[in-house]
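# Inside the fold
What follows is each chain in one-letter form.
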Amino acid sequence: MNLRFANWYTQALGATLGIIACIYAYLNGFMFVYGNIDNYFDFLGFDGIISSYILTPLCILTLVLAIIKAYKPSIKIFNMQLDNINIFFIVTTVIVGFMGAKIYFTIPALLITFNLFSYKLEDKIFDIKAIGEDSTEKKCYF
């Protein structure tokens, strides 16, 4: 079972929904736009200030990394694998997303982190198939 298509597609969909969640958080007042942040510095908490500046660029970068991963899955950037860089930005985007967009970032976070969970899912499926092939008695695990 190859989940390569599902990995980059769900990450790209999650990043796109993350951008929409950023816009919704801006409209609800959880975060402020760049030019307006000086006026509301006292009203906005530390998490809102951090997320106001970096959440939208992180979502855009996560979307770009998903598109790069679709076309060149095993590429090195600055002597680091793209997967390692991608995992770092996935985790950072999810943490900052929950700081800024609050509960509205739940669905984008699940879609963005699907990439991390799919590796565990593939390992479990392959382990179950290996157990079923070695034993003389056939068991159904699904």
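For the structure given in this document, a descriptive report is provided here. Only a predicted model underlies this, so the values are computations on that prediction, with no experimental measurement involved. (Residues numbered from 1 in each chain as written. Predicted model: local features only at pLDDT ≥ 70, side-chain atom pairs only at ≥ 80, totals over all residues. Heavy atoms only, no water.)

Attention now moves to the overall build of the chain. Counting its regular elements, the chain contains five helices and two strands. Counting from the amino terminus, helix and strand elements in the chain follow one another as α-α-β-β-α-α-α. Here the chain, with 142 residues, has 34% of them falling under the buried criterion. Accessible surface, the chain: about 9100 Å² in total, of which carbon and sulfur atoms supply 69%. (Helix = DSSP H or I, 4+ residues; strand = E, 2+ residues; numbered from the N terminus. Buried < 20%, exposed > 50% of the residue type's maximum accessible area, 1.4 Å probe, protein only. Areas by Shrake-Rupley, 256 points an atom, 1.4 Å probe, with all protein chains shown as cover.)

Two numbers describe how helix H2 (residues 46-71) lies on helix H3 (residues 82-100): the axes approach to 8 Å, and their chain directions differ by 145 degrees. For the pair H2 and H3, the sense of crossing is left-handed. Residues Asp-47, Ile-50, Ser-51, Ile-54, Leu-55, Leu-58, Cys-59, Leu-61, Thr-62, Leu-65, Ile-68 and Lys-69 of H2 form the contact with H3, whose own contacting residues are Leu-82, Asp-83, Asn-86, Phe-89, Thr-92, Thr-93, Val-96, Gly-97, Met-99 and Gly-100. Taken together, the residues that form the contact of H2 with H3 break down as 12 nonpolar, seven polar and three charged. (Axes fitted to C-alpha atoms, helices over the stretch in contact; angles between N-to-C directions. Left-handed = near helix turned anticlockwise from the far one by under 90°. Contact = heavy atoms within 4.5 Å. Nonpolar A, V, L, I, M, F, W, Y, C, P; charged D, E, K, R; others polar.)

Enumeration over the complete set of coordinates arrives at three aromatic pairs. Where Phe-88 meets Phe-89, the ring centres are 5.3 Å apart and the plane angle is 70 degrees; that geometry is what we call edge-to-face. Since its relative accessible area comes to 21%, Phe-89 is described here as partly exposed. Their ring planes at 80 degrees and their centres at 6.2 Å tell us that Phe-98 and Phe-105 sit as a pair that is edge-to-face. The class for Phe-98 is partly exposed, based on a relative accessible area of 36%. (Phe/Tyr/Trp six-rings, centres within 6.5 Å; stacked < 30°, edge-to-face > 60°.)

Attention now goes to the side chain of Thr-93. As for its placement among the helices and strands, Thr-93 is situated in helix H3. Within the structure, the side chain of Thr-93 is placed 3.0 Å from the side chain of Thr-62, a separation counted as a polar contact. (Polar contact = N/O pair within 3.5 Å; in protein donor to acceptor, adjacent residues only side chain to side chain.)

According to the stated counting rule, one finds one salt bridge in the structure shown. Between Lys-69 and Asp-83 there is a salt bridge whose closest N-O contact spans 4.0 Å. Placement of Lys-69 in helix H2 and of Asp-83 in helix H3 is noted, with a sequence separation of 14 residues between them. (Salt bridge = Lys/Arg side-chain N within 4 Å of Asp/Glu carboxyl O.)

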